[in-house]
Amino acid sequence: MRNISLLGSTGSIGTQTLEVARQNPDDFCIVGLSCRSNVDLLFEQIKEFKPRIAAMTDEASAMMLKERLETEAPEIMTEIISGEDSPEVIATIDEADTVLGAMVGFAGLKPTYEAIKKGKDIALANKETLVAGGDIVMPLVKEKGVELLPVDSEHCAIWQCLWGEKKEDLDRILITASGGPFRGKSREELENVTVENALNHPTWKMGGKITIDSSTMMNKGLEVIEASHLFGVDVDRIDVVVHPQSVIHSMIRMRDGSVLAQMGKPSMILPIMVALYYPERGPRLLEEFDPFCEACSNLTFEKCDTDVFRLLPLAYEAGRKKGIMPAVMNAANEIAVGRFLKGEIGFTDIERTVYEVCDLFDGKNVKREEMNLELILEVDKEARARALEVNLK
Ligand code: NDP
Ligand code: MG
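Draft legend 1. Just the environment of R310, in detail. The residue R310 is located in the loop between α12 (269-277) and α13 (311-321) in this model. For the pair formed by R310 and E351, sequence separation is 41 residues and the distance between their alpha carbons is 7.2 Å. When neighbours within four sequence positions are excluded, R310 is seen to be in contact with R187, E351 and Y355. Separated by 3.1 Å, the side chains of R310 and E351 make a polar contact.

Below is the structure:
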């Protein structure tokens, strides 16, 4: 039995994690839940999983949740907490063995960091944590001797391919990308895309922020940096391979030229299970993989058009520069994506914002060894403020 604290329980990854727990009640116990403001769904989750404690960062929502529990389910003993720091409490409760990080964005860094400090194993979907904080998270993982289990599907694939291999035998990582909804489009065509177009991902159903990141290819840029931290390789040893069928979830090339790939349906259930059952294998929850299915009849591979999707080369640049630059890029992107989703800026303004903010910080970089949590929090805050000031006209 593994005790799990789940950060971001009401989101796409959070609900799929609870589906895994629902199907395997003898293997997992949910001891903590946390979200931002989704009262209805958290109420249902608390009734079903009866965690010891649950948190909402939004105070007013937490009040509503408490009232509902008192009137509609007074038998439930779950303690409800609230506030900006509440995910940290959920991430560090004594009962939890593993923390599944499925909050969206930079907000996941601090709770993840505190959980590692307390010796928790981390199953990590929240890639922004490693992009902004990989330089402090990875050494802490090593120091505390905890497991950092990748949930992002590409990283889960790479990780599985590496099982039993020697680190020095790894030559390159080939990270696959669906290409998103705008693959093949020109820059002119991108100028006019709407929020609805951008949210229409061809192969994956995910939360809003990552879906927009997939449409700009920033998601792949974030994933390249995430992989460089997880597997200890420079970004220049990672290639992006656009593979629109999303059947191969990533590949590794070994010293002798062998290429290993992990394949399967585009579903996050499997990566979640691989992480939560590690080092064992869990039961099969998905339909069997069928190599004769339509998606498999024509597996294709192409390069990303980096003249159109310019956030990908920018992410490589930030990954090469290291230090604070990935955190700056991530913060600017979070602000720009949020504004695009609210209809405040256009699609290509996301790229403009991120480029401009990164330019502002260029020359202010610090060495990897000088990175610490306070500095990253400060840089994130400042980059967000700068991103809000970018003049887009
Ligand atoms: P969603 O937007 O679907 O869910 C986000 C969750 O985090 C919700 O529970 C939300 O609560 C909570 N949340 C959001 N902001 C905050 C905050 N500031 N403080 C506390 N809680 C917060 O996201 P996804 O599930 O799609 O993605 C989660 C993470 O996993 C992201 O980092 C993403 O990049 C990564 N990921 C996702 C994949 C996917 O298939 N969805 C695949 C690979 C990685 P509420 O509902 O109340 O707003
Ligand atoms: Mg991914």
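Draft legend 2. Region of interest: the site of ligand 1. In the region of ligand 1, 24 residues are neighbours, and T10, S12, S37, E128 and G207 sit closest. For ligand 1, an oxygen atom lies 2.6 Å from a polar atom in the side chain of T10. Here S12 contributes a backbone N or O atom positioned 2.9 Å from an oxygen atom of ligand 1. Relative to its unbound accessible area of 900 Å², ligand 1 is 89% covered by the protein chains. Within the residue set of the shell around ligand 1, elements represented by two or more residues are α1 (12-23) and α6 (127-144). Of the residues assigned to the shell around ligand 1, the class counts are ten nonpolar, ten polar and four charged.

Draft legend 3. Here's a closer look at the environment of S12. Tracing the backbone shows S12 in helix α1. You can call S12 partly exposed: its relative accessible area is 24%. Separated by 193 residues in the primary sequence, S12 and K205 have C-alpha atoms spaced 7.9 Å apart. Residues within four places of S12 in sequence aside, it is in contact with K205, M206 and G207.

Parameters and conventions
Residues numbered from 1 in each chain as written. Chains lettered and ligands numbered in written order. Predicted model: local features only at pLDDT ≥ 70, side-chain atom pairs only at ≥ 80, totals over all residues. Heavy atoms only, no water. Helix = DSSP H or I, 4+ residues; strand = E, 2+ residues; numbered from the N terminus. Contact = heavy atoms within 4.5 Å. Polar contact = N/O pair within 3.5 Å; in protein donor to acceptor, adjacent residues only side chain to side chain. Near = heavy atom within 4 Å. Areas by Shrake-Rupley, 256 points an atom, 1.4 Å probe, with all protein chains shown as cover. Nonpolar A, V, L, I, M, F, W, Y, C, P; charged D, E, K, R; others polar. Buried < 20%, exposed > 50% of the residue type's maximum accessible area, 1.4 Å probe, protein only.

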